[in-house]
Amino acid sequence: TIGTNGTSTTNVMPVNGGYTYSYANHLIQASEINSGACYISGIDFDYAGTTAMVNTTNCSIYICHTAMTVCDNFVNPADFTLVYVGPINFATDGWNHIEFNQSTFAYNGTSNIMVGVVKNGTGSDVNANFRYQTMSESHTHRVYNNDTPYDMAAMAAATASNSMWRPNMRLTTG
């Protein structure tokens, strides 16, 4: 588990259930990972929705090492490794697992990492709530809309917002 799990809920991250398209970066400090060098092969999010998600079908997850200690802008897309492509349609309350299907991520054991989550879906899941923790500084940078899918190459110019909220996450190694 990354950090201290929070019990508050929101529908704006790791994907924004209220909008068709969303993109967010979530910062994880090296001190929270509690591991040496390893391969990260999956991620869990703490789902708190009252109904199953059905419209979060076209998603991508990226990971990279970063020197950032506060998440106040988007990471350069060229730094990311694509680790997952597919749905994030959780149906059960609690921890839901995503096994990476594109690549594992070779974590160096010392750096902070950034998790980028893109939702280019076909609709909204307004009851798709996730549990989060409140950090002392911004650990999430996010943007969302109903009109246009997000192009990773253009994200540096996107107008987005910072948040001290970060979704509860667990990393799978192996």
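Here, every reference points to the structure presented above.
Here the structure is a predicted model, which means the values were calculated and not measured.

Caption draft 1: A look at the overall build of the chain. Within the chain, the regular secondary structure consists of one helix and 13 strands. For the chain, the N- to C-terminal ordering of α and β elements is β-β-α-β-β-β-β-β-β-β-β-β-β-β. For 174 residues, the compact-globule formula gives about 16 Å, and the C-alpha radius of gyration of the chain, at 14 Å, lands near that figure. Counting only C-alpha atoms, the chain reaches 40 × 35 × 35 Å along its principal axes.

Caption draft 2: Expanded view of the sheet that holds strand S11 (residues 161-163). Pairing within the open sheet is antiparallel, and its six strands lie in the order S5-S4-S8-S2-S10-S11. Each edge of the sheet is formed by a strand with only one pairing partner; in this case those strands are strand S5 (81-86) and S11. Averaged over all pairs of adjacent strands, the angle between their axes in this sheet comes to 20°, without regard to strand direction. Inspection of the sheet shows strand S10 (residues 140-145) paired to S11 by three bridges, in the antiparallel sense. Within the sheet, the bridge partner assigned to threonine 140 lies in S11 and is serine 163.

Caption draft 3: Main features of the nonpolar core. Counting 29 residues, the largest nonpolar core has Ile40, Ile43, Phe45, Ile61, Ile88 and Ile113 as its most contacted members. Contributing elements (two or more residues each) for this core: helix H1 (30-33), strand S3 (38-47), strand S4 (59-66), S5, strand S7 (105-107), strand S8 (112-120) and strand S13 (169-173).

Caption draft 4: Examining the environment of threonine 50 more closely. Tracing the backbone through its elements, the reader meets threonine 50 in the loop between S3 and S4. Look at threonine 50 and you get exposed, because its relative accessible area is 66%.

Caption draft 5: Focus on the environment of serine 163. Examined against the element boundaries, serine 163 turns out to sit in strand S11. The class of serine 163 is buried, set by a relative accessible area of 8%. Sequence-distant contacts of serine 163, defined by excluding residues within four places in its chain, comprise Glu137, Ser138, His139, Thr140 and Arg142. In this structure the side chain of serine 163 is engaged in a polar contact, spanning 3.3 Å, whose partner is the side chain of arginine 142.

Caption draft 6: Structural view of the side chain of aspartate 46. When you line up the elements, aspartate 46 lands in strand S3. There is a polar contact of 2.8 Å between the side chain of aspartate 46 and the side chain of arginine 131. One polar contact links aspartate 46 to asparagine 168, side chain to side chain, over a distance of 3.1 Å.

Caption draft 7: Seen up close, the pattern of salt bridges. Applying the stated criterion across every chain yields a total of four salt bridges. The salt bridge partner of arginine 166 is glutamate 32, with a shortest N-O separation of 2.7 Å. Taken together, the positions of arginine 166 in strand S12 (residues 165-167) and glutamate 32 in helix H1 put the pair 134 residues apart, joining distant regions of the chain. Glutamate 32 matches arginine 166 in its accessibility class, with the two residues each being buried. Across the pair arginine 131 and aspartate 46 runs a salt bridge, and its minimum N-O distance is 2.8 Å. Highlighted residues: arginine 131 in strand S9 (residues 130-134) and aspartate 46 in strand S3, separated in sequence by 85 residues. Judged by relative accessible area, which is 8%, aspartate 46 ranks as buried.

Caption draft 8: Broad picture of the packing of aromatic side chains. Going through the model one piece at a time under the given rule, you end up with seven aromatic pairs. With 4.7 Å between their ring centres and 45° between their planes, tyrosine 19 and tyrosine 144 make a pair best called tilted. A residue pair is termed long-range when its members are at least 10 positions apart, and tyrosine 19 in the loop between strand S1 (8-10) and strand S2 (21-28) and tyrosine 144 in strand S10 qualify at 125 residues. When its relative accessible area of 30% is taken as the criterion, tyrosine 144 is described as partly exposed. With 6.1 Å between their ring centres and 65° between their planes, tyrosine 47 and phenylalanine 90 make a pair best called edge-to-face. With tyrosine 47 in strand S3 and phenylalanine 90 in the loop between S5 and strand S6 (94-99), this pair connects stretches of sequence that are 43 residues apart. Across the pair, exposure class does not vary: tyrosine 47 and phenylalanine 90 are buried alike. Site record: aromatic cluster; members linked through ring pairs are Tyr47, Phe90 and Phe130.

Thresholds, definitions, all that
- Residues numbered from 1 in each chain as written.
- Predicted model: local features only at pLDDT ≥ 70, side-chain atom pairs only at ≥ 80, totals over all residues.
- Heavy atoms only, no water.
- Helix = DSSP H or I, 4+ residues; strand = E, 2+ residues; numbered from the N terminus.
- Rg over C-alpha atoms; globule rule 2.2 N^0.38 Å.
- Pairing = 2+ DSSP bridges.
- Axes fitted to C-alpha atoms, helices over the stretch in contact; angles between N-to-C directions.
- Core = buried A, V, L, I, M, F, W, Y, C linked by side-chain atoms within 4.5 Å.
- Buried < 20%, exposed > 50% of the residue type's maximum accessible area, 1.4 Å probe, protein only.
- Contact = heavy atoms within 4.5 Å.
- Polar contact = N/O pair within 3.5 Å; in protein donor to acceptor, adjacent residues only side chain to side chain.
- Salt bridge = Lys/Arg side-chain N within 4 Å of Asp/Glu carboxyl O.
- Phe/Tyr/Trp six-rings, centres within 6.5 Å; stacked < 30°, edge-to-face > 60°.

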